[in-house]
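Next come the chains, spelled out residue by residue.
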Amino acid sequence: MDAWQRLTAHQPSPLEELSQDTWAEKGIRLWVKRDDQLAWSPDDPFCGNKWRKLKYNLLEARKRGMGTLLSFGGAYSNHIAALASAGRHFGLRTIGVIRGEEVDNPTLARARKDGMTLTFLSRDAFRRKYTEEVQQGLEQQFGDFYLIPEGGTNALALKGCAELGEEILEQTEEWPTCVAVACGTGGTFAGLITSLSAHCQTLGVSVLKGQFMAQEVADILYRHTGQSYTGWVTHEDYHHGGYAKLSPELVGFMHRFLEEHGFPLEPIYTAKLFYALDDLIRQDYFPRGSKIIAVHTGGLQGLAGFGDRL
Ligand SMILES: *Cc1c(COP(=O)(O)O)cnc(C)c1O
């Protein structure tokens, strides 16, 4: 099977029930959609929701005959690492435009190793990245490119994430009460909403500090589908200090989770998602009898960057 076939013809990632006494006592059943196992190879950043989000973008770039992909991100961006890895798998040149001063860390080192050209933009220029001025500068430097927005969220990303929702529906005998996912840009959540809103509720846990994710998701949905959707909710109080910030409670939770359920979470997204669900169950947020599916969106390669903070 060549890489392009593998991109589209993969098996559904597993759906596994987790058991925990504190959930059972509340009459809650919880499954995890193991999209972390949708990975090109173990520990490959091209995995999970990044596979879903890039899939149709890669196919589109190929259709247009474009050999260079360019995107934006912060220095710890899983999206940048995933794009670099995809470039290697599909024989495409990749350019990562990184916010702020030149730095090095495991995420960027990995991207470089995967053949990505990295370029650093001042925070000010980064804010203006989609303006004609900055875009022309990038074209002069790198030639023609297929542009993928920061975080990889665009209409084609939503299409790939809608498939994640469809896969879940095919794997369940009865529709779940609620499907939950962590939100960075909110693109994965928006894609899930498009395929699930007619069947069940969807819940997004923001990993960023601030009360803007609901608006952001509504905007993404409207911009890319021209529609608004109901039956979804965001939670914005589980960021533990902000993006990539940790609290002692979160770190403790991650360790207990691994011990209890036998597979790891990473601290930026999936630990915050499961922490939030565990807390909401404790607070009787979900009615008895609820069936919840939490998406493990992957990102485990990012654990390396935390060193002894974990
Ligand atoms: C990027 C990422 C997310 C966030 O996805 P968005 O579509 O930007 O909301 C969630 N989980 C993991 C593991 C990620 O790498």
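Residues numbered from 1 in each chain as written. Predicted model: local features only at pLDDT ≥ 70, side-chain atom pairs only at ≥ 80, totals over all residues. Heavy atoms only, no water.

A. Molecular detail of the packing of aromatic side chains. The tally for this structure, following the rule as stated, stands at 16 aromatic pairs. Here Trp40 and Trp51 contribute two aromatic rings whose centre-to-centre distance is 5.3 Å and whose plane-to-plane angle is 40°, an arrangement assigned as tilted. Of the two residues, Trp40 sits in the loop between strand E2 (29–34) and helix H3 (48–63) while Trp51 sits in helix H3, which places them 11 residues apart along the sequence. In this structure, Trp40 and Trp51 share a single accessibility class: buried. Measuring from centroid to centroid gives 6.1 Å for Phe46 and Phe90, while their planes differ by 75°, and the two rings are edge-to-face. With Phe46 in the loop between E2 and H3 and Phe90 in helix H4 (residues 78–90), this residue pair connects regions lying 44 residues apart in the sequence. A connected cluster of aromatic rings, assembled from ring pairs, spans Tyr238, Phe253, Phe257, Phe263, Phe274 and Tyr275. Looking at Lys159, its charged tip hangs above the ring of Tyr56, at a distance of 4.2 Å from the centre. (Phe/Tyr/Trp six-rings, centres within 6.5 Å; stacked < 30°, edge-to-face > 60°. Helix = DSSP H or I, 4+ residues; strand = E, 2+ residues; numbered from the N terminus. Buried < 20%, exposed > 50% of the residue type's maximum accessible area, 1.4 Å probe, protein only. Lys NZ or Arg CZ within 6 Å of the ring centre and 35° of its normal.)

B. Structural view of a negative patch on the surface. A surface patch of negative charge is lined by Asp21, Glu25, Glu259 and Glu260. Note that Glu260 resides in helix H11 (residues 248–261). (Patch = residues over 30% accessible without salt bridge, like charges linked within 9 Å, V, L, I, M, F, W, Y side chains within 5 Å. Areas by Shrake-Rupley, 256 points an atom, 1.4 Å probe, with all protein chains shown as cover. Salt bridge = Lys/Arg side-chain N within 4 Å of Asp/Glu carboxyl O. Lys, Arg positive; Asp, Glu negative; His and termini not counted. Charge placed at Lys NZ, Arg CZ, Asp CG, Glu CD.)

C. Main features of the pattern of salt bridges. As enumerated under the stated definition, the model contains 21 salt bridges in all. Here Arg99 ties to Glu150 by a salt bridge, and the two come within 3.4 Å at their closest N and O atoms. Residue Arg99 is found in strand E4 (residues 93–99), and its partner Glu150 is found in the loop between strand E6 (146–148) and helix H8 (155–171); the two are separated by 51 residues along the sequence. According to the relative accessible area criterion, Arg99 is partly exposed, its value standing at 32%. Residue class for Glu150 comes out partly exposed when judged on its relative accessible area of 27%. Between Asp124 and Arg127 there is a salt bridge, with its nearest N and O atoms 3.8 Å apart. One end of the pair, Asp124, and the other, Arg127, are both in helix H6 (residues 123–127), three residues apart, so they sit about a helical turn from each other. Of the residues examined, Asp124 reaches a relative accessible area of 42% and is grouped as partly exposed. Of the residues examined, Arg127 reaches a relative accessible area of 64% and is grouped as exposed. A single network of salt bridges, built from pairs that share partners, joins Lys33, Asp35, Arg52 and Glu167.

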